[in-house]
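Report on the structure
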Amino acid sequence: MAAPRPLVVVTLLAVIVAALSVSILAWIAIGTVHRANGVVDDAQRSVRRLDRTTRDLDPAVRSLRRAADSLNQAARATSP
């Protein structure tokens, strides 16, 4: 039986290296997607928390605006 030709050996090695590279890149991509999903989940939680906080502050903001309007009206009424 004849020994394998050098070009065949080099081609097989290139195919093996390419397959390993693709596998590693796929693994990295899958890990990146999982991390990205975690970041998106954290961002959604933060937005919901901010919405709740803003909703809780709405009555206080309206009250402050009414007080500021009253003070502005009082200042206009007393200015000559």
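Here, every reference points to the structure presented above.
1. Details of the overall build of the chain
Along the chain, the regular secondary structure elements total one helix and zero strands. Seen through its C-alpha atoms, the chain measures out along the principal axes to roughly 115 × 25 × 5 Å. Evaluated residue by residue, the chain yields a buried proportion of 0% over its 80 residues. Approximately 7400 Å² of the chain is accessible, and the part contributed by carbon and sulfur atoms is 68%.

2. Quick word on the environment of Ala29
One can find Ala29 in helix H1 (residues 6-78). For the pair Ala29 and Asn72, spaced 43 residues apart in sequence, the C-alpha separation works out to 59 Å.

3. Concerning H1
Along its 73 residues, H1 runs 101 Å from first to last C-alpha, staying within 8% of the 108 Å computed at 1.5 Å per residue. The sharpest bend along H1 reaches about 40 degrees and sits at Asp58, with the proline Pro59 one to four residues further on.

4. Thoughts on the environment of Asp51
For Asp51, the position within the fold is in helix H1. On a C-alpha basis, the gap between Asp51 and Ser21 in space is 45 Å, while along the polypeptide they are 30 residues apart.

5. Comments concerning a nonpolar patch on the surface
Taken together, the side chains of Val9, Leu13, Ile16 and Leu20 make up a nonpolar region of the molecular surface, amounting to roughly 370 Å² of accessible area. Relative to the elements of secondary structure, Leu20 occurs in helix H1.

6. Points about a positive patch on the surface
On the surface, Arg48, Arg49, Arg52 and Arg55 cluster together into a positively charged patch. With respect to the helices and strands, the residue Arg49 is situated in helix H1.

About the thresholds
- Residues numbered from 1 in each chain as written.
- Predicted model: local features only at pLDDT ≥ 70, side-chain atom pairs only at ≥ 80, totals over all residues.
- Heavy atoms only, no water.
- Helix = DSSP H or I, 4+ residues; strand = E, 2+ residues; numbered from the N terminus.
- Buried < 20%, exposed > 50% of the residue type's maximum accessible area, 1.4 Å probe, protein only.
- Areas by Shrake-Rupley, 256 points an atom, 1.4 Å probe, with all protein chains shown as cover.
- Expected span 1.5 Å × (residues − 1).
- Bend = angle between axes of the 7 residues up to and from the residue.
- Patch = residues over 30% accessible without salt bridge, like charges linked within 9 Å, V, L, I, M, F, W, Y side chains within 5 Å.
- Salt bridge = Lys/Arg side-chain N within 4 Å of Asp/Glu carboxyl O.
- Lys, Arg positive; Asp, Glu negative; His and termini not counted.
- Charge placed at Lys NZ, Arg CZ, Asp CG, Glu CD.

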